[in-house]
Amino acid sequence: MHKLLPNLLIFLFLLHTTKTIASSTSDTIPGKIEFISPVEIPISLAGNFGELRPGHFHAGLDIRTQGREGLKIRSIYKGYVSRIAVSLYGYGKVVYVTHPNGYTSVYAHLSRFNDELENFIKNEQYRSKNFEVELYPEAGQFKLNQGDRVGWSGNTGGSGGPHLHFEIRNTLSEKPINPLHFNFKVTDNIAPTLKHLTIYPLNENSSIDHNDLQKTYKLSKSGNTYYLNGGIVPIVKGKIGFGIEAMDKVNNSPFSNGVYSIELLKDNQRVYYHVMDSIGFDKTRYINAHMDYHQKVKNRKKVQRSYLLEGNKLDIYKDLVNNGQLFFVDSSTHNLEYRVMDFYGNTSTLKFKVKSNQLEHHVMVKKESVQTLKYGEPNYFENDNLRINIPASCLYEDTPLYLKEEKAIGRCVTPRYHVNRLSDPLQDYIDLSINVNSIPENQRSKLVIVSLNAKSGILAAEGGGVDSNWISVKTRSFGPYTVMKDTIPPRVKNTIAINGQSFNENQKITFSVKDDISGLGRYEAFVDEEWHLIEYQKNKSKAFLKLDRVQKTGSKHDLRVEFTDKVGNKTIERYYFFY
Ligand SMILES: [Zn+2]
């Protein structure tokens, strides 16, 4: 049983207050709400609330589905379907159920909706001639009782394997709440694992172990108590920040999840605390400030800072002393202690000492950059080849400007431009324009701005529109960029024989589809010249044609499938079959 902390009580009280406005039913206090599990098997977690993900904190639970698709997913409480969507990315096929107690539950990555919803969404897909759709049904249209099927579990959207992504949100604010507050049964008596400590110098007068660079320390453990490896006592001076790498496991699951809370004490006084109870979608990207983004990109360490960068607007923090930025201006030794807890109260601690030495003369190792992008101000840069507009909301702190041009290689049709470093975080979109003067005008419609990884491989096709010699995109990543020309249409293969075959209504015709550079944009089928839906599952590079809306005549049907990439290169294949 999870012990209620004072903070949590306040949190629950706030929730309760909000809900009283939404409805006046008596079953509105978390803990007394009788939600049932969304799955009929015991809950085993692949991911938990607040877990550190790329660009966001995980907004719900990832519930394992025995490695397969097709499990019954049921409504946790009575309510009505308030939203239903199909997307290639993110949640894939997803159902939102609004309950009369002020909460909305979310069921994502489904393989299929319940029959009623499946028909409803398919009507919209045929009406709009689009696979990706989103609908907000009326309150009375699709009512569900507790336990009613919302759909079948799957692996659609941005999913790396079969599982259910499950959320509970406050209906009014749409803010996701840690679902473990609602007493779903999860067994967890394993304390968090602590991996590394990083100490940060926070201005030019501060130092760690005689120089001005941040430093990472390995840990050793005894029981659930950790120490700095070898009993090291770091020497610190001036304004200092700390960060810790920690993760948590639950029983009966191999997955590494996020921890629930992190507390830092200096000489037995709390100077930092955060807790994963609720995070709004408007704040979740500040994870790029909460974490040490450089370490994440450079060596995949997920270090959580226990001090705030200037531009960090997350509201998960409590009781911060001086925003967690500590001053070491005496000549004594100080005791520091991290307490890291999972949701069920299993706790690991890291105990270490630092020696404060205000007389220390440290070595300046950090390279000074010529130009700095200023935090809180718009930054604009332009030369003959490049225009970069960085709005004021983009940076978390002053960031060195790093621009470099390298010659075109491989399929690049312009030089490769380093637009700052991959490891510099961005909160908001910047405008990036690259000069394409050298490309003949009649070829420019096939151009795509591409972001590159450290080895110049394609990281993502960013797209881009060309206007008077410049191709432009909005992007939320720094790093190397170039322009490529995409003239190759998608490669399409039918994975089962089609021509001359007889099919029944339970079969689907599957295609494997791949596209270089720009990516698949449109996909559609025409049976006897009539439009039919093709479902595309991006993570599997597969497209499906279901025959349930083809007129069953028992005779021959002509099939034409068309796959078009995002710059208009098109592949058309023709078949015939019997149905
Ligand atoms: Zn998830």
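Here the structure is a predicted model, which means the values were calculated and not measured.

Novice: For this particular structure, what's the right way to read the pattern of salt bridges?
Specialist: Two side chains with opposite charge may pair up if their charged atoms get near one another. Counted by the stated rule, this structure contains 30 salt bridges. It is possible to trace a salt-bridge network through shared partners that takes in Glu263, Arg270, Asp319, Glu337 and Arg339.

Novice: Looking at this structure, how should I read the pairing of strand β21 (residues 269–275)?
Specialist: Two faces make up the sheet, and in a regular strand the side chains alternate between them. For β21, the tally of buried residues reaches five of seven residues, placing the bulk of the element in the interior. Pairing geometry for strand β20 (residues 261–266) and β21, over six bridges, is antiparallel. Bridging from a neighbouring strand, leucine 264 pairs with tyrosine 272 of β21. Linkage of β20 to β21, two consecutive antiparallel strands, is achieved through a turn of two residues, within which aspartate 267 is found at a positive phi near 45°.

Novice: Help me understand the pairing of strand β33 (residues 447–452) in this model?
Specialist: Burial of β33 is extensive: six of the six residues sit out of reach of the surface. Pairing of β33 with strand β37 (residues 479–485) involves five bridges; the strand directions are antiparallel. Within β37, the residue paired with isoleucine 449 across the bridge is valine 483. Where β33 and strand β34 (residues 458–463) come together, four bridges link them in antiparallel fashion. Residue pairing in the sheet places leucine 452 in a bridge with isoleucine 458 of β34.

Novice: Mind showing me how you'd approach the coordination of the zinc ion here?
Specialist: Reference values for coordination geometry: four tetrahedral donors around a metal ideally subtend 109.5 degrees, six octahedral donors ideally subtend 90 or 180 degrees. Every protein donor of the zinc ion is accounted for by His58 (NE2), Asp62 (OD) and His165 (ND1), and the metal-donor separations fall at 2.0 to 2.1 Å. Counting gaps between the donor residues of the zinc ion yields the pattern H-x3-D-x102-H.

Novice: Even after reading the chapter, I still don't get the sheet that holds strand β40 (residues 520–527), so can you show me in this structure?
Specialist: By way of backbone hydrogen bonds, the strands of a sheet pair with one another, either parallel or antiparallel. Reading across the sheet, the four strands line up as β41-β40-β44-β45 and stay open at both edges, with antiparallel pairing between neighbours. Two strands lie at the open edges of the sheet, namely β41 (530–532) and β45 (570–578), each paired on one side alone. Averaged over all adjacent pairs, the angle separating strand axes in this sheet is 25°, with direction ignored. The sheet contact formed by β40 and β41 spans three bridges and is antiparallel. Pairing of phenylalanine 526 across the sheet is with tryptophan 531, part of β41.

Novice: Help me out: how do you make sense of the sheet that holds strand β27 (residues 379–382) in this one?
Specialist: Taken together, five strands build an open sheet; the order of strands is β27-β28-β32-β36-β35 and the sheet is antiparallel. Two strands in the sheet have a free side with no partner beyond their single neighbour: β27 and β35 (465–467). If you compare each strand with its neighbour and ignore which way they point, the axes differ by 15° on average.

Novice: Help me understand the domain arrangement of the chain, please; the structure alone is not making it clear to me.
Specialist: Many analyses report the size of an interface as the accessible area lost when the parts associate. By the assigned domains, the chain splits into domain 1 (6–182), domain 2 (193–356), domain 3 (372–485) and domain 4 (491–578). Computed from C-alpha coordinates alone, the two centres of domain 3 and domain 4 are separated by 36 Å. Taken together, the contacts link ten residues of domain 3 with six residues of domain 4. Together, the buried faces of domain 3 and domain 4 total about 540 Å²; carbon and sulfur atoms form 64% of this surface. On the domain 3 side of the interface with domain 4, the three residues burying the most area are Arg411, Lys446 and Val448, jointly 57% of the side's total.

Novice: What is the right way to look at unusual backbone geometry in this model?
Specialist: Residues apart from glycine generally show negative phi values, whereas peptide bonds are mostly found in trans. Notably, aspartate 319 is not glycine yet its phi reads approximately 60°, a positive angle. Positionally, aspartate 319 belongs in the loop between β22 (303–305) and β23 (326–328). In this model, serine 541 sits at a positive phi of 50°, which is unusual for a non-glycine residue. Relative to the helices and strands, serine 541 is located in the loop between β42 (534–537) and β43 (542–546). Exposure remark for serine 541: the relative accessible area of 24% places this residue in the partly exposed category.

Novice: How should I be thinking about the packing of aromatic side chains in this particular structure?
Specialist: The description of an aromatic ring pair rests on the distance of the ring centres and on the angle between the ring planes. A full pass over the atoms with the stated rule returns 21 aromatic pairs. Their ring planes at 75° and their centres at 5.4 Å tell us that phenylalanine 343 and tyrosine 344 sit as a pair that is edge-to-face. For the cation-ring pair, lysine 552 lies above tyrosine 579, with the distance from its terminal atom to the ring centre recorded as 5.6 Å.

Novice: How do you make sense of helix α2 (residues 115–128) when you look at a structure like this?
Specialist: The periodicity of an α-helix, 3.6 residues per turn, causes residues three or four positions apart to be oriented the same way. Here α2 is 14 residues long and its end C-alpha atoms lie 20 Å apart, about the 20 Å a rise of 1.5 Å per residue gives. Along α2, the positions that sit buried rather than exposed are Leu117, Glu118, Phe120, Ile121, Lys122, Glu124, Gln125 and Tyr126. Positive backbone phi, approximately 55°, marks lysine 129, located one or two places after α2.

Novice: How should I be thinking about the nonpolar core in this particular structure?
Specialist: What tends to happen in soluble globular proteins is that the nonpolar side chains get buried as a cluster. In terms of nonpolar packing, the biggest core is built from 116 residues, with Leu197, Phe242, Tyr338, Leu350, Phe511, Leu559 and Phe563 touching the most fellow members. Grouped together as the second largest cluster of nonpolar side chains are 22 residues, Val419, Val436, Ile439 and Ile471 included.

Novice: How do you make sense of the environment of glutamate 310 when you look at a structure like this?
Specialist: Assignment of secondary structure puts glutamate 310 in the loop between β22 and β23. Classification of glutamate 310 as exposed rests on a relative accessible area of 59%. Placed 13 residues apart in sequence, glutamate 310 and asparagine 323 show a C-alpha to C-alpha distance of 9.2 Å. Those residues in contact with glutamate 310, other than ones at most four positions away along the chain, are Tyr375 and Tyr396.

Novice: Sorry if this is basic, but what is going on with the side chain of glutamate 524 here?
Specialist: Within the element layout of this structure, glutamate 524 appears in strand β40. Residue class for glutamate 524 comes out buried when judged on its relative accessible area of 13%. A polar contact of 3.0 Å, which involves the side chain of glutamate 524, links it to the side chain of arginine 522. There is a polar contact of 2.8 Å between the side chain of glutamate 524 and the side chain of tryptophan 531. Here glutamate 524 is in contact with Trp531, His532, Ile534, Arg560, Val561 and Glu562, once residues within four sequence places are set aside.

Novice: In this structure, what is going on with empty space enclosed by the protein? I would like to understand it.
Specialist: The method is simple in principle: a probe with the dimensions of a water molecule rolls over the atoms, and the space it marks as empty is what remains. Enumeration according to the criterion identifies five cavities of 30 Å³ or more in this entry. Quantified by volume, the largest cavity comes out at close to 90 Å³. As for the largest cavity, its lining consists of 15 residues, of which Asn48, Leu180, Gly258, Tyr260 and Phe343 are closest to the centre. For the lining of the largest cavity, the residue count by class is nine nonpolar, three polar and three charged. Taken domain by domain, the makeup of the lining of the largest cavity includes at least three residues from each of domain 1 (6–182) and domain 2 (193–356).

Rules of the game
Residues numbered from 1 in each chain as written. Predicted model: local features only at pLDDT ≥ 70, side-chain atom pairs only at ≥ 80, totals over all residues. Heavy atoms only, no water. Salt bridge = Lys/Arg side-chain N within 4 Å of Asp/Glu carboxyl O. Buried < 20%, exposed > 50% of the residue type's maximum accessible area, 1.4 Å probe, protein only. Helix = DSSP H or I, 4+ residues; strand = E, 2+ residues; numbered from the N terminus. Pairing = 2+ DSSP bridges. Donors = N, O, S within 2.8 Å, 3.2 Å for Na, K, Ca; no water. Axes fitted to C-alpha atoms, helices over the stretch in contact; angles between N-to-C directions. Domains from an automatic or database assignment. Contact = heavy atoms within 4.5 Å. Buried area = accessible area lost by both parts, 1.4 Å probe. Phe/Tyr/Trp six-rings, centres within 6.5 Å; stacked < 30°, edge-to-face > 60°. Lys NZ or Arg CZ within 6 Å of the ring centre and 35° of its normal. Expected span 1.5 Å × (residues − 1). Core = buried A, V, L, I, M, F, W, Y, C linked by side-chain atoms within 4.5 Å. Polar contact = N/O pair within 3.5 Å; in protein donor to acceptor, adjacent residues only side chain to side chain. 1 Å grid on protein atoms, 1.4 Å probe; cavity = no way out; pocket = protein on both sides within 12 Å on 5 of 7 lines; lining within 4 Å. Points joined across faces, edges and corners; volume = space filled by probe spheres on them. Nonpolar A, V, L, I, M, F, W, Y, C, P; charged D, E, K, R; others polar.

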